[in-house]
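These are the residues of each chain, in order.
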Amino acid sequence: MRISSERLVLRPWIAADRQPFADMSADREVMEYLMPLSPHDASGGWIDRQLEHLQEHGMCFWAVERKSDQSFVGAVGLLPVSYTAHFTPAVEIGWRIARAHWGKGYAPEAARAAIRFGFEELDLSEIVANTVAENVKSRRVMAKLEMTRDASDDFDHPRIPEGHSLRRQVLYRLTQKQWRSLAP
């Protein structure tokens, strides 16, 4: 299964993606607002779980490649939220783009394709996204996706230790109804 946008393809992971993913996940700037991966996850465990999610749920964080040269851009996709919070059950959208590809509009382009898939193919009623308030770049992507934030939805992430700078999260939402009203 492949999801296409103008310049990108979201696709299942292949063996050749493992090293670029590990390199991207070792980049401190890329990971600034994410919890670090364990050595097992960085070396492929995370990718293996994405392939399992794809089999189980029909969605995952897909590998993203550039159509023009098939270069690895990052990971973008949809996952069921795996913890309990006031907004769960829910499906979240997220992205991790290799630094060499920052500033080219790839995150919102790939995320739009994933959202389209989520609403059109999976018939999701809502898609959420979250990050820390300081992550201005991701929040800008969420705004470009027409996701909205209500400060009363902000929450403490239950999988991040108390006192950690990433624990307090801002939540953005996009309903299928909102999305359909925005679609050309």
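Structure's up top.
An account of the accompanying structure is given in this report. On a predicted model such as this, the values are computed, not experimentally measured, just so you know. (Residues numbered from 1 in each chain as written. Predicted model: local features only at pLDDT ≥ 70, side-chain atom pairs only at ≥ 80, totals over all residues. Heavy atoms only, no water.)

### Re the side chain of Ser138
So, point 1. Its location among the elements puts Ser138 in helix α4 (residues 136-144).
So, point 2. Residue Ser138 is classed as buried on the basis of its relative accessible area of 14%.
So, point 3. Here the side chain of Ser138 touches Trp95 through a polar contact of 3.1 Å, side chain to side chain. (Helix = DSSP H or I, 4+ residues; strand = E, 2+ residues; numbered from the N terminus. Buried < 20%, exposed > 50% of the residue type's maximum accessible area, 1.4 Å probe, protein only. Polar contact = N/O pair within 3.5 Å; in protein donor to acceptor, adjacent residues only side chain to side chain.)

### Overview of a positive patch on the surface
So, point 1. On the surface, Arg112, Lys137, Arg140 and Lys144 cluster together into a patch of positive charge.
So, point 2. On the accessibility criterion, Lys137 (51% relative accessible area) is exposed. (Patch = residues over 30% accessible without salt bridge, like charges linked within 9 Å, V, L, I, M, F, W, Y side chains within 5 Å. Areas by Shrake-Rupley, 256 points an atom, 1.4 Å probe, with all protein chains shown as cover. Salt bridge = Lys/Arg side-chain N within 4 Å of Asp/Glu carboxyl O. Lys, Arg positive; Asp, Glu negative; His and termini not counted. Charge placed at Lys NZ, Arg CZ, Asp CG, Glu CD.)

### Describing the pattern of salt bridges
So, point 1. On inspection of all chains with the given rule, the structure shows 13 salt bridges.
So, point 2. Of the charged contacts in the structure, one is a salt bridge between Asp17 and Arg11, with a shortest N-O distance of 2.8 Å. The pair Asp17 / Arg11 is uniform in exposure class, with both members buried.
So, point 3. Arg168 is paired through a salt bridge with Asp156; the nearest N and O atoms lie 3.3 Å apart.

### Some points on the pairing of strand β4 (residues 72-80)
So, point 1. Of all nine residues in β4, eight are buried; the element is thus mostly enclosed.
So, point 2. One ladder, built from five bridges, connects strand β3 (residues 61-66) with β4; its direction is antiparallel. Each bridged residue has a counterpart across the sheet, and for Phe61 the counterpart in β4 is Gly77.
So, point 3. Two elements, β4 and strand β5 (residues 91-97), share seven bridges in a ladder whose sense is antiparallel. Bridging across to β5, Leu78 finds its partner in Ile93. (Pairing = 2+ DSSP bridges.)

### Describing helix α3 (residues 106-120)
So, point 1. The end-to-end C-alpha separation of α3 is 21 Å, in line with the 21 Å expected for 15 residues at 1.5 Å each.
So, point 2. α3 sits mainly inside the fold: 12 of its 15 residues count as buried.
So, point 3. Three or more residues of α3 are buried, namely Tyr106, Ala107, Pro108, Glu109, Ala110, Ala111, Ala113, Ala114, Ile115, Phe117, Gly118 and Phe119. (Expected span 1.5 Å × (residues − 1).)

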